[in-house]
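Residue-level structural notes
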Amino acid sequence: MATPLTIAELKEVARRRVPKMFFDYADSGAWTEGTYKANEADFAAIKLRQRVLVDMTNRSLESTMIGEKVSMPVALSPTGLTGMQHADGEILAAQAAEVAGVPFTLSTMSVCSIEDVAAHTIKPFWFQLYVMKDREFVKSLINRARAAGCSALVVTLDLQILGQRHKDIRNGLSTPPKFIPKHIWQVATRPRWAFEMLGTKRRSFGNIVGHAQGVGDLSSLSSWTAEQFDPRLSWDDVAWIKEQWGGKLILKGILDAEDAAMAAETGADAIIVSNHGGRQLDGAASSISVLPEIVKAVGDRIEVHVDGGIRSGQDVLKALCLGAQGTYIGRPFLYGIGAYGKRGVTMALDIIRNELDITMALCGKRDIRDVGPELLHHRLPVVATEPARPSQ
Ligand code: GLV
């Protein structure tokens, strides 16, 4: 196939290269997947203002997120099981992000461990924390992230219990795959993936195996979360985590202005407006549709970032115009890694960077830090109307 020019094309390559249960894990939302779809559809409904005859030379996409310099305000989201999309996935994605000059966020539920990613990268990355009932283990994760030089802790607030994802249940998702006929078939039909996976030792949850005490069935994400994640997580715990960590803190999973106000009270450095890629509460609003009210409520007190539904540089621009200081991509880089490994993550970032740059220019701007709501059309989507009749 010709070199992919869009994230959608990368996705199709990944579909052919990654065993079905892992491709589906990335490409799934909860229940009807309504929120997953709305995240993308609501971006598409926002229209841009085309401007002409303005100087479009010397453009810059450089900005900052939580005070860190970024070559464009697009970070890689924390995603579970990245090392099952491609062997050593987290290490490769972190390396690609490092070269691209954007932040990489390692998930608690990663395959490569914190130490492993640190050993294979030069710049600090961010670590995403899930809060387990076992606070000693949480403490040890925080200490490990600090020891590895992570420059921010991203605490996920919207997964105290796991949303039901039908594809994962039907596939019998497990890490590593079990030797049941369905999984053997899925792996056997993806020989390149299988060959590369045989070449690595990293095939289970690297941050947990060998670190957490008394774990039960770890191969299944759903049983592990049900058993270990803390359904009582509260704002007091956030204060405790902040104290334990002592560094830059980002709170992920805010979708409501009242929650955003509570998050701002914690003294965290940023919030991520997110519905977990439509993987938790199906029926919740899309991230982009609630971004403006959240920015209005807390934007003067805390940095606001957003994820969910970003599939192009145009989506990034729209989010920035609506007040986000930074954005995150999850699936786009997972499709990249599933398709072509590290090169695929670089492709995904290059696609987004190029789209962002050209779109910004055609909207009449040269500096990404200058974009605002004036670049967007505040019009309702066009609806079919009766043709105007000439007046009598
Ligand atoms: C984990 O973060 C998931 O959404 O599967």
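For every chain, the first residue of the written sequence is number 1, and numbering continues from 1 onward in sequence order. Selection of residues for local features in this predicted model requires a pLDDT of at least 70, selection of side-chain atom pairs for listing and counting requires 80 or more, and totals for whole chains, interfaces and linings are taken over all residues. No hydrogens and no water enter the side-chain calculation; it runs on all heavy atoms of the structure.

Per an unreviewed UniProt entry, the protein goes by the name Alpha-hydroxy-acid oxidizing protein and belongs to Tianweitania aestuarii. If you open the UniProt record of the protein and go to Sequence similarities (unreviewed entry), you find "Belongs to the FMN-dependent alpha-hydroxy acid dehydrogenase family." Within the UniProt record for the protein, the comment given under Cofactor (unreviewed entry) is "FMN". UniProt positions are given in the numbering used here, feature names are shortened, and annotations may be inferred rather than shown by experiment.

This part is about the overall build of the protein. Numbering of helices and strands runs from the N terminus, with a helix taken as a DSSP run of H or I at least four residues long and a strand as a DSSP run of E at least two residues long. Across its full length, the protein carries 17 helices and twelve strands. This radius of gyration counts C-alpha atoms alone. The globule rule is 2.2 Å times how many residues there are, raised to the power 0.38. Its C-alpha radius of gyration of 21 Å places the protein within 12% of the 21 Å reference for a compact globule of 392 residues. Each principal axis of the C-alpha atoms in the protein carries an extent, and together these give about 80 × 50 × 45 Å. Taken across its 392 residues, the protein has 55% of its residues classed as buried. By sequence separation, contacts in the protein at least 24 residues apart represent 73% of the contacts at least 6 residues apart. Surface summary for the protein: the accessible area is close to 17,300 Å², and the carbon and sulfur share equals 55%. Here the positive residues are Lys and Arg and the negative ones are Asp and Glu; neither His nor the chain ends is included. Throughout, a charge is located at the NZ atom of Lys, the CZ atom of Arg, the CG atom of Asp or the CD atom of Glu. Between the mean site of the 45 positive side-chain charges and the mean site of the 44 negative ones, the protein shows a separation of 5 Å. Residue burial is assigned from relative accessible area. The probe radius is 1.4 Å, only protein chains are included, and a residue is buried under 20% of its type maximum, exposed over 50%, and partly exposed in between. Only heavy atoms matter for contacts: two residues are in contact if any of them lie within 4.5 Å across the pair. In these tables, accessible area is a Shrake-Rupley quantity obtained with a 1.4 Å probe, and a residue counts as shielded only by the protein chains included in the view.

Of all the residues in helix α9 (residues 181-188), the buried ones are H183, Q186 and V187. Projected down its long axis, α9 shows its buried positions confined to an angular sector of 95°, all on one face. Residues of α9 that are exposed and angled more than 90 degrees away from the buried face: P181, W185 and A188. What the arc describes is the spread of directions from the helix axis to the C-beta atoms.

Right, let's get into the nonpolar core. Ranked by size, the top nonpolar core spans 111 residues in total, and within it L129 and I271 carry the most contacts. Here the element with the most residues in this core is helix α17 (residues 342-362); it accounts for eight residues. Aside from chain neighbours lying at most four places away, what touches I271 is L251, I254, A260, A263, I294, V298, I302, E303, V304 and H305. Among the nonpolar cores identified, the runner-up in size contains eleven residues, and A75, V154, I250 and I272 belong to it. For our purposes a nonpolar core is just a set of buried Ala, Val, Leu, Ile, Met, Phe, Trp, Tyr and Cys residues, chained together by side-chain atoms within 4.5 Å.

Now for unusual backbone geometry. The phi torsion at L53 lies on the positive side, around 55°, for a residue other than glycine. Mapped onto the secondary structure, L53 falls in the loop between β1 (47-48) and β2 (63-65). Owing to a relative accessible area of 85%, L53 belongs among the exposed residues under this scheme. At D88, a residue that is not glycine, the phi angle is positive and equals roughly 60°. With respect to the helices and strands, the residue D88 is situated in the loop between α4 (82-85) and α5 (89-100).

A few words now on the environment of T6. Relative to the helices and strands, T6 is located in the segment before α1 (7-17). The sequence separation of T6 and S312 amounts to 306 residues, and the corresponding C-alpha distance is 7.7 Å. Within 3.5 Å is the distance limit for a polar contact, defined as a pair of N or O atoms, with the added protein rule that one can donate a hydrogen and the other accept it, and that residues adjacent in sequence qualify only through two side-chain atoms. Of the polar contacts made by the side chain of T6, one reaches the backbone nitrogen of E9; its length is 3.0 Å.

Between the first and last residue of a helix there are one fewer steps than residues, each counted as 1.5 Å, and that sum is the expected span. With 21 residues, α17 should reach 30 Å at 1.5 Å per residue; the first-to-last C-alpha distance of 31 Å fits that figure. Among all positions of α17, only G344, V345, M347, A348, L349, I351, I352, L356, D357, T359, M360 and A361 are buried. A positive backbone phi angle near 90° is found at G364, which sits one or two residues after α17.

Time to look at the side chain of R279. Here R279 shows up in the loop between β9 (270-273) and α14 (287-298). Discounting chain neighbours no more than four positions away, the residues touching R279 are Y25, A26, S28, G29, A30, G163, R165 and R331.

Glancing now at the site of the ligand. Taken together, Y25, Y130, R165, L221, H276 and R279 make up the full set of residues adjacent to the ligand. Measuring from an oxygen atom of the ligand, one finds a side-chain N or O atom of Y130 at 2.4 Å. With respect to the ligand, the side chain of R165 contributes an N or O atom lying 2.5 Å from an oxygen atom. Here the ligand has 190 Å² of accessible area as a free molecule, and 93% of this is covered by the chains. Classifying every residue of the shell around the ligand gives three nonpolar, one polar and two charged. One heavy atom within 4 Å of a molecule or strand is enough for the residue carrying it to be called near that molecule or strand. Note that Gly is not counted as nonpolar here; it falls among the polar residues with everything else outside the nonpolar set of Ala, Val, Leu, Ile, Met, Phe, Trp, Tyr, Cys and Pro and the charged set of Asp, Glu, Lys and Arg.

With that settled, the discussion passes to the packing of aromatic side chains. Stacked, tilted and edge-to-face are the three classes assigned to paired rings of Phe, Tyr and Trp, where Trp is represented by its six-membered ring and a pair needs centres within 6.5 Å; plane angles under 30 degrees give stacked, over 60 edge-to-face, the rest tilted. Evaluation of the coordinates by the stated rule reveals three aromatic pairs. Measuring from ring centre to ring centre gives 5.9 Å for F22 and W193, while their planes differ by 25°; the resulting arrangement is stacked. Here F22, found in helix α2 (residues 20-26), pairs with W193, found in helix α10 (residues 191-198); they are 171 residues apart in sequence, far enough to count as distant. Across this residue pair, the class does not change: F22 and W193 are buried. On the numbers, 4.7 Å between centres and 40° between planes, the contact of Y130 with F229 is tilted. Here Y130, found in the loop between β6 (126-129) and α7 (135-147), pairs with F229, found in the loop between α11 (221-228) and α12 (235-245); they are 99 residues apart in sequence, far enough to count as distant. The exposure class assigned to Y130 is buried, which follows from its relative accessible area of 9%. For F229, a relative accessible area of 2% puts it in the buried group. Directly above the ring of W240 sits R135, whose terminal nitrogen or CZ lies 6.0 Å from the centroid. Consider the ring centre and the ring normal. A charge sits over the ring if Lys NZ or Arg CZ is within 6 Å of that centre and within 35 degrees of that normal. The ring of Y25 is capped by R279, whose NZ or CZ atom sits 4.6 Å from the centre of that ring.

This part takes up the sheet that holds strand β7 (residues 152-156). The strands making up a sheet are joined through hydrogen bonds of the backbone, oriented either antiparallel or parallel. Overall, parallel pairing links the eight strands, which are arranged β4-β11-β10-β9-β8-β7-β6-β5 in an open sheet. Of all the strands in the sheet, just β4 (74-76) and β5 (105-106) have a single pairing partner and so form its edges. Where α12 meets the sheet, it contacts β6, β7 and β8 (249-254), and its direction lies at approximately 155° from that of β8. A pair of strands counts as paired when DSSP detects no fewer than two bridges linking them. Axis lines are fitted through C-alpha atoms, for helices just across the contact stretch, and the angle between N-to-C directions can take any value from 0 to 180 degrees.

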